[in-house]
Amino acid sequence: MRIGTGWDIHPLVPGRKLLLGGVEIPNPLGEAGHSDGDVLVHAIVDALLGALAKGDIGMHFPPSDDAYKDVSSIYLLQRVLGMLDDYEIENIDCTVILQNPKLRPHVQAIRESLAQACSIALDRISVKAKTAEGLLGEVGEGKAIIAQSVVLLRKHMTDGDELLEDWV
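Quick notes on the rules
- Residues numbered from 1 in each chain as written.
- Predicted model: local features only at pLDDT ≥ 70, side-chain atom pairs only at ≥ 80, totals over all residues.
- Heavy atoms only, no water.
- Helix = DSSP H or I, 4+ residues; strand = E, 2+ residues; numbered from the N terminus.
- Rg over C-alpha atoms; globule rule 2.2 N^0.38 Å.
- Pairing = 2+ DSSP bridges.
- Right-handed = clockwise from strand over helix to strand, strands pointing away.
- Axes fitted to C-alpha atoms, helices over the stretch in contact; angles between N-to-C directions.
- Contact = heavy atoms within 4.5 Å.
- Parallel < 35°, antiparallel > 145°, perpendicular 65-115°, else oblique.
- Left-handed = near helix turned anticlockwise from the far one by under 90°.
- Nonpolar A, V, L, I, M, F, W, Y, C, P; charged D, E, K, R; others polar.
- Buried < 20%, exposed > 50% of the residue type's maximum accessible area, 1.4 Å probe, protein only.
- Salt bridge = Lys/Arg side-chain N within 4 Å of Asp/Glu carboxyl O.
- Lys, Arg positive; Asp, Glu negative; His and termini not counted.

1. What about the overall build of the protein chain?
Moving on, step 1. Secondary structure summary: the protein chain contains five helices and seven strands in total.
Moving on, step 2. Order of helices (α) and strands (β) in the protein chain, N terminus to C terminus: β-β-β-β-α-α-α-β-α-β-β-α.
Moving on, step 3. For the protein chain, the C-alpha radius of gyration of 17 Å lies close to 15 Å, the compact-globule estimate for 168 residues.
Moving on, step 4. Reported as C-alpha extents along the three principal axes, the dimensions of the protein chain are approximately 55 × 35 × 25 Å.

Next comes the structure, spelled out in structure tokens:
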């Protein structure tokens, strides 16, 4: 088993889409970023890379590289999923901190989008939405968004591994 954590923050600006887990959330402000700015997917990517001890999102998809300008964060996630090799996702637990809009009506769609993108069962994805209660500077003022993620990976089992598991 391997565990990784990820964290990301983006300013919210006019003229950009607010994307979370690949789902567009209606809002006059969206995430500023080199890619599409999906802060939740970026946190998951960092958690996956951390669990694999393979650096972070900026190392693999640098903002200085125009190939990633406005690219879909789901595409970046799928590239990282291709690095899992002998591992598979046991579960992903995420928290999004955003003052407005309220995300509760969108959580199920975000979970479904992430489950599909990661090719895992819906019950392996948790997404929680919190406000900053007016605190945390720019986040509490509605000028920024934060996402955190924890990922647990497990090694693919082979027939021999199943026998060993029976003894544990």
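2. What about the pairing of strand 6 (residues 125–130)?
Moving on, step 1. Direction of pairing for strand 5 (residues 87–97) relative to strand 6: parallel, over a ladder of six bridges. In the strand pairing of strand 6, valine 96 is matched with alanine 129.
Moving on, step 2. With helix 4 (residues 107–118) bridging strand 5 and its parallel neighbour strand 6, the resulting β-α-β unit is right-handed.

3. Let's talk about the sheet that holds strand 1 (residues 2–14)
Moving on, step 1. The five strands are arranged 4-1-7-5-6 in an open sheet whose pairing can be described as mixed. Looking at which strands have only one partner, the edges of the open sheet turn out to be strand 4 (29–31) and strand 6. In this sheet, adjacent strand axes meet at a mean angle of 20 degrees when their direction is disregarded.
Moving on, step 2. Bridge count between strand 1 and strand 4: three bridges; the pairing is antiparallel. When the sheet's bridge partners are listed, proline 14 is paired in strand 4 with leucine 29.
Moving on, step 3. Together, strand 5 and strand 6 form the strand contacts of helix 4, whose direction differs from that of strand 6 by roughly 145 degrees.

4. As for the packing of helix 1 (residues 39–51) against helix 3 (residues 73–81)
Moving on, step 1. As a packed pair, helix 1 and helix 3 sit with axes 9 Å apart at the nearest point and diverge in direction by 10 degrees. The orientation of helix 1 with respect to helix 3, classified from their angle, is roughly parallel. As helix 1 packs across helix 3, the resulting crossing turns out to be left-handed. Of helix 3, the residues touching helix 1 (which contributes Val41, His42, Ile44, Val45, Leu48 and Leu49) are Ser73, Ile74, Leu76, Leu77, Val80 and Leu81.
Moving on, step 2. Across the contact of helix 1 with helix 3, the residue classes break down as ten nonpolar, two polar and no charged.

5. Details of unusual backbone geometry
Moving on, step 1. Here the bond from asparagine 100 into proline 101 is cis, since omega is 0 degrees, no more than 30 degrees from zero.
Moving on, step 2. With respect to the helices and strands, proline 101 occurs in the loop between strand 5 and helix 4.
Moving on, step 3. Phi is positive for aspartate 85, close to 50 degrees, though the residue is something other than glycine.
Moving on, step 4. Examined against the element boundaries, aspartate 85 turns out to sit in the loop between helix 3 and strand 5.
Moving on, step 5. The class for aspartate 85 is exposed, based on a relative accessible area of 57%.

6. Considerations on the pattern of salt bridges
Moving on, step 1. For the coordinates displayed, the defined rule picks out nine salt bridges.
Moving on, step 2. Note that aspartate 85 and lysine 54 form a salt bridge whose closest N and O atoms lie 4.0 Å from each other. Here aspartate 85 is found in the loop between helix 3 and strand 5, whereas its partner lysine 54 is found in the loop between helix 1 and helix 2 (57–60), with 31 residues between them in sequence.
Moving on, step 3. One network of salt bridges, in which partners are shared, links Glu88, Glu90, Arg124 and Arg154.

7. Considerations on the side chain of arginine 111
Moving on, step 1. With respect to the helices, strands and loops of the structure, arginine 111 is situated in helix 4.
Moving on, step 2. Here arginine 111 sits buried without a salt bridge, and the closest side chain of opposite charge, aspartate 123, lies 6.8 Å off (N-O distance).
Moving on, step 3. If near-sequence neighbours (up to four positions away) are discounted, arginine 111 is found in contact with Leu122, Asp123, Ile125, Ser126 and Val127.

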